[in-house]
Amino acid sequence: MLRTRPFGQFHGTCLRSLQTQPTYDGLPTTEGTTPNPIPSKKTLTQKHNPKKKPSNISASDVVKWNMAITSYMRSGQWEAALRVFNDMPRRSVVSFNAMISGYLSNEKFDLARDLFEKMPERDLVSWNVMLSGHVKNRNLGAARVLFDKMPERDVVSWNAMLSGYAQYGHVDEARKIFEKMPNKNEISWNGLLSAYVQNGRIEDAFQLFSSKTDWELVSWNCLMGGYVRKNRLADARQLFDQMPTRDAVSWNTMITGYAQNGELSEARRLFEESPARDVFAWTSMVSGYVQHDMLAEARIIFDKMPVKNPVSWNAIISGYVRCKRMDIARELFEAMPCRNISSWNTMLTGYAQSSDVAQARFIFDRMPQRDSISWAAMIAGYAQNGHGDEALQLFVEMKREGKRLTRSSYTCALSTCAEIGALELGRQLHGGLVKAGFESGCYVGNALLVMYSKCGSIEEAYVVFEEIQQKDIVSWNTMIAGYARHGFGKEALVIFESMKAAGIIPDDVTMVGVLSACSHTGLVERGTKYFHSMNQDYGITANSKHYTCMIDLLGRAGRLDEAQNLMRNMPFEPDGATWGALLGASRIHGNTELGEKAAKMIFEMEPKNAGMYVLLSNLYAASGRWGDVRKMRLKMRDKGVQKVPGYSWVEVQNKIHTFSVGDSVHPEKDKIYAFLEELDLKMKREGYVSSTKLVLHDVEEEEKENMLKYHSEKLAVAFAILSTPAGRTIRVMKNLRVCEDCHNAFKLISKIVGRLIILRDSYRFHHFSGGSCSCGDYW
């Protein structure tokens with residue numbers, strides 16, 4: 001909302017100062033009209049009679065040729081300008097300058113540079129035009145070499161070099177140029193001041209400002225805007241009160257500063273005092289109220305606005321979107337007379353974040369034009385609401401239509417691959433990132449880390465981790481959590497120690513990953529040590545997630561009394577997740593009494609938590625208490641609790657294949673079931689016995705065996721074995737926790753078929769190989 005003159009405007013002023021040629025009347029510039037490139041009959045005769053001396057060409061003829069070049073260049077017809085230039089029997093320095101300047105304005109830098117090198121003679125304008133060309137091309141090294149070679153320089157030369165350094169953040173170099181300048185004008189002073197402000201060096205800006213008194217109004221506004229961006233409102237206000245004159249930008253800068261920082265009463269007071277409240281002042285007030293969730297006040301201001309622009313409408317619409325009032329946001333959007341792409345994106349994002357994917361897609365399909373934000377918002381909407389296939393399909397469509405793929409759209413697609421376990425597509429996206437030059441940096445690197453880790457390729461995740469040059473806390477935490485979830489606790493702790501050695505201070509998320517790693521691998525003593533040293537070593541106060549990890553760690557190790565004592569000594573009341581950890585441990589160790597106690601507490605807190613009903617039912621079934629199993633089933637029915645149906649999926653040839661228990665719709669079902677029968681016979685020869693105690697129905701053993709045989713994860717693994725080359729790793733995902741029977745079966749299947757089978761369930765990864773699992777049956 002601040003309308004202080006940006007540095008780009010200053011740079012443009014420097015470039016405009018190079019245009020010293022006059023504008024001539026009578027030059028035809030209307031599009032579609034071709035200027036006559038032959039000024040006179042004499043010139044034409046001379047061109048075809050080389051014996052004639054070119055001295056007959058008048059200066060006015062050369063001017064007209066130059067005018068034609070300039071006209072063509074301004075309309076983007078640089079090739080036509082070149083033909084005129086090549087046909088000229090006599091050229092002046094102005095002719096060369098017109099061509100070079102035209103090439104640069106048409107982004108033909110190489111042609112401009114080549115022509116500059118071929119000039120028979122150059123004037124100061126030639127050097128200045130080429131100098132600014134190097135600056136515009138972001139080649140400051142070449143610009144400085146050219147600057148140092150110049151036989152003479154004027155204030156335009158110095159300002160061009162100063163603006164180049166300042167524009168690209170080389171503020172100290174800009175200051176050195178400024179100090180060496182033999183003559184300075186207002187552009188020089190404003191350029192250095194703007195450079196300091198734009199690069200956050202507000203104290204240097206203030207010192208420069210204090211060194212002279214005759215600053216232009218734009219400079220006062222620039223420094224005041226810098227204070228506002230630094231949230232130094234007191235300094236900004238002092239400057240505002242000292243200003244000899246003020247314009248609308250001055251008032252709007254202060255109003256916006258107060259509004260954005262929540263000092264809305266002072267913003268409103270200045271707004272009322274402003275002598276000329278324009279649409280920017282009104283919009284600043286609307287935006288300020290919206291940003292601080294004062295929607296009623298924002299709407300009053302909005303309704304009073306004498307003139308509204310798209311920014312005003314977008315501000316109030318975004319307010320209603322933030323408050324999830326999509327009905328009113330939609331009314332305003334439909335009434336908006338001047339929608340722009342930002343308006344459409346606001347509505348699209350609002351519906352996507354409200355889980356109304358259908359309406360989001362309706363908006364997306366209606367958009368008159370889309371940008372990368374539109375595509376990314378729709379992809380994210382699908383991904384975050386469980387429509388992974390649609391998200392990836394839209395990403396492929398975006399790529400096919402030639403849309404510019406941004407970091408945001410790539411990371412959104414990578415996130416979707418991570419959620420649905422689409423490793424092959426994730427690898428293709430990684431390749432696209434490298435080609436697009438986006439692979440470096442934490443933002444993309446961390447997204448790749450998550451993708452490879454969640455897709456079951458922890459080795460590739462580590463390769464990405466090693467390639468991130470400047471790792472942030474998220475990088476380290478993601479790698480630790482990845483190893484923990486894959487059951488490689490010792491590797492996770494090695495990363496943790498490396499993190500500390502690198503000088504990165506662990507945070508609360510780090511310690512959740514560390515304790516989880518200890519829990520997954522039974523490292524009770526080390527986990528206990530880390531837990532008790534968190535506050536002393538890193539200043540981290542244990543929260544409910546840390547306590548839940550510890551209770552899970554102690555409970556899985558069979559130390560149920562210690563787990564209960566820790567829960568009793570917590571500085572806050574245990575939540576459902578904490579009691580759930582205790583219930584899970586009770587099921588593992590067959591402690592029905594403790595399990596019932598934990599389940600009772602969970603049902604009071606989370607009466608609709610279907611997973612806890614199933615856990616307790618498993619505990620009853622394992623103890624042969626079928627009456628209690630039936631009671632639990634009735635209780636779930638009476639309370640309207642629906643058991644989440646289990647399903648598994650596997651990616652084969654870039655396509656996701658999904659299976660449910662006893663699946664009867666997959667086109668390869670007959671081959672899958674026949675193959676499972678073969679595997680069942682081979683497993684029994686290896687000593688496999690079905691874990692029928694897990695079946696929550698009081699039926700015959702043979703029927704229980706059949707119910708276990710066709711679990712969704714078994715169908716997915718069988719299909720993957722049939723559909724992929726021998727020896728290839730199989731990666732299967734499941735939305736619930738894998739059952740004990742499937743876990744035992746996969747150990748034997750991995751040995752029989754000679755494959756590494758990686759299974760991701762809702763809790764962790766299991767790596768089955770050669771008849772054993774990476775978890776060591778500790779899960």
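Residues numbered from 1 in each chain as written. Predicted model: local features only at pLDDT ≥ 70, side-chain atom pairs only at ≥ 80, totals over all residues. Heavy atoms only, no water.

This is how it is decided: UniProt positions are given in the numbering used here, feature names are shortened, and annotations may be inferred rather than shown by experiment.
Looking at an unreviewed UniProt entry, one finds the chain named DYW domain containing protein and attributed to Trema orientale. Recorded under Sequence similarities (unreviewed entry), the UniProt text for the chain is reproduced unchanged: "Belongs to the PPR family. PCMP-H subfamily."

1. Things to note about the overall build of the chain
To keep things clear, this is the line we draw: In DSSP terms, a helix is any run of H or I states spanning at least four residues, a strand is any run of E spanning at least two, and both are numbered starting from the N terminus. Relative accessible area decides the class of each residue, using a 1.4 Å probe on protein chains only: under 20% of the type maximum gives buried, over 50% gives exposed, and in between gives partly exposed. Contacts are assigned to residue pairs with any non-hydrogen atoms lying within 4.5 Å of each other.
Secondary structure summary: the chain contains 42 helices and 6 strands in total. Looking at the chain residue by residue over its 779 residues, the buried ones come to 50%. A fraction of 61% describes how many contacts in the chain between residues 6 or more apart in sequence connect residues 24 or more apart.

2. Re the nonpolar core
Side chains that are nonpolar tend, in soluble globular proteins, to be buried together. Note the following rule: Throughout, nonpolar core names a set of buried Ala, Val, Leu, Ile, Met, Phe, Trp, Tyr and Cys residues whose side chains join them through atoms within 4.5 Å.
Membership of the largest hydrophobic core comes to 208 residues, with the highest contact counts inside it found for Ile-69, Ile-100, Val-286, Ile-316, Ile-317 and Met-451. Beyond its immediate sequence surroundings of up to four residues, Val-286 is in contact with Ala-298, Ile-301, Phe-302, Met-305, Ala-315 and Ile-316.

3. Describing the sheet that holds strand 2 (residues 655-660)
Backbone hydrogen bonds are what pair the strands of a sheet, in a parallel or an antiparallel way. Stated precisely, the cut-off is as follows: Pairing between strands is defined by DSSP: at least two bridges between them are needed. Comment: axis = line fitted to C-alpha atoms, over the contacting stretch for helices; angle = value between 0 and 180 degrees taken between N-to-C directions.
The strand order across the open sheet formed by 6 strands is 2-1-3-4-5-6, and the pairing between neighbours is mixed. The sheet is open, and its two borders are formed by strand 2 and strand 6 (772-773), each paired with just one other strand. In the sheet, strand 5 (residues 765-769) pairs with strand 6 via 2 bridges, with the strands oriented antiparallel. Opposite Ser-769, over in strand 6, you have Ser-772 as the bridge partner. Against the sheet, helix 25 (residues 407-420) engages strand 1 (647-652), strand 2, strand 3 (730-734) and strand 4 (757-760), with an angle of about 105° to strand 4.

4. Notes on the pairing of strand 5
Of all the 5 residues making up strand 5, 4 are buried; the element is thus mostly covered by neighbouring parts of the structure. Here strand 5 folds back onto strand 6 in antiparallel fashion, the turn holding 2 residues, of which Gly-770 has a positive phi close to 60°.

5. Section: the confidence of the model for the chain
For the record, the criterion: The predictor attaches a confidence to each residue, and that confidence, scored 0 to 100, is pLDDT.
Considering every residue of the chain, the mean pLDDT works out to 85; 90% of them sit at 70 or more. Counted against residues more than four places away or in other chains, residues 1-55, with its pLDDT under 50, gives 87 contacts. Ignoring residues within four places in sequence, the model shows residues 696-703, a span with pLDDT below 50, making 16 contacts including any to other chains.

6. Focus on the side chain of Ser-374
Along the chain, the position of Ser-374 falls in helix 23 (residues 372-384). A relative accessible area of 0% means that Ser-374 is categorised as buried. Leaving out residues up to four positions away in the same chain, Ser-374 has contacts with Ile-341, Asn-345, Leu-348, Phe-364 and Met-367.

7. Re the pairing of strand 2
Across 6 bridges, the pairing between strand 1 and strand 2 is antiparallel. Looking at strand 2, one finds that Glu-651 is bridged to Ile-656. In sequence, strand 1 turns back onto strand 2 through a hairpin of 2 residues, with Gln-653 there showing a positive phi of about 55°.

8. A few points about the packing of helix 25 against helix 26 (residues 423-436)
Counted only if it meets this: Roughly parallel here means an angle under 35 degrees, roughly antiparallel means over 145, roughly perpendicular means 65 to 115, and every remaining angle is called oblique. With the far helix as reference, a near helix turned anticlockwise by less than a right angle produces a left-handed crossing, and one turned clockwise produces a right-handed crossing. All amino acids are sorted into three groups, where Ala, Val, Leu, Ile, Met, Phe, Trp, Tyr, Cys and Pro are nonpolar, Asp, Glu, Lys and Arg are charged, and the leftover types, Gly among them, are polar.
Running from N to C, helix 25 and helix 26 point in directions that differ by 165°, and their axes come no closer than 9 Å. It follows from the interaxial angle that helix 25 and helix 26 lie roughly antiparallel. Read as a crossing pair, helix 25 and helix 26 show a hand that is left-handed. Contacts from Tyr-410, Ala-413, Leu-414 and Cys-417 of helix 25 reach helix 26 at Leu-425, Gly-426, Leu-429, Gly-432, Leu-433 and Ala-436. A breakdown of the residues in the contact of helix 25 with helix 26 according to their chemical character gives 8 nonpolar, 2 polar and no charged.

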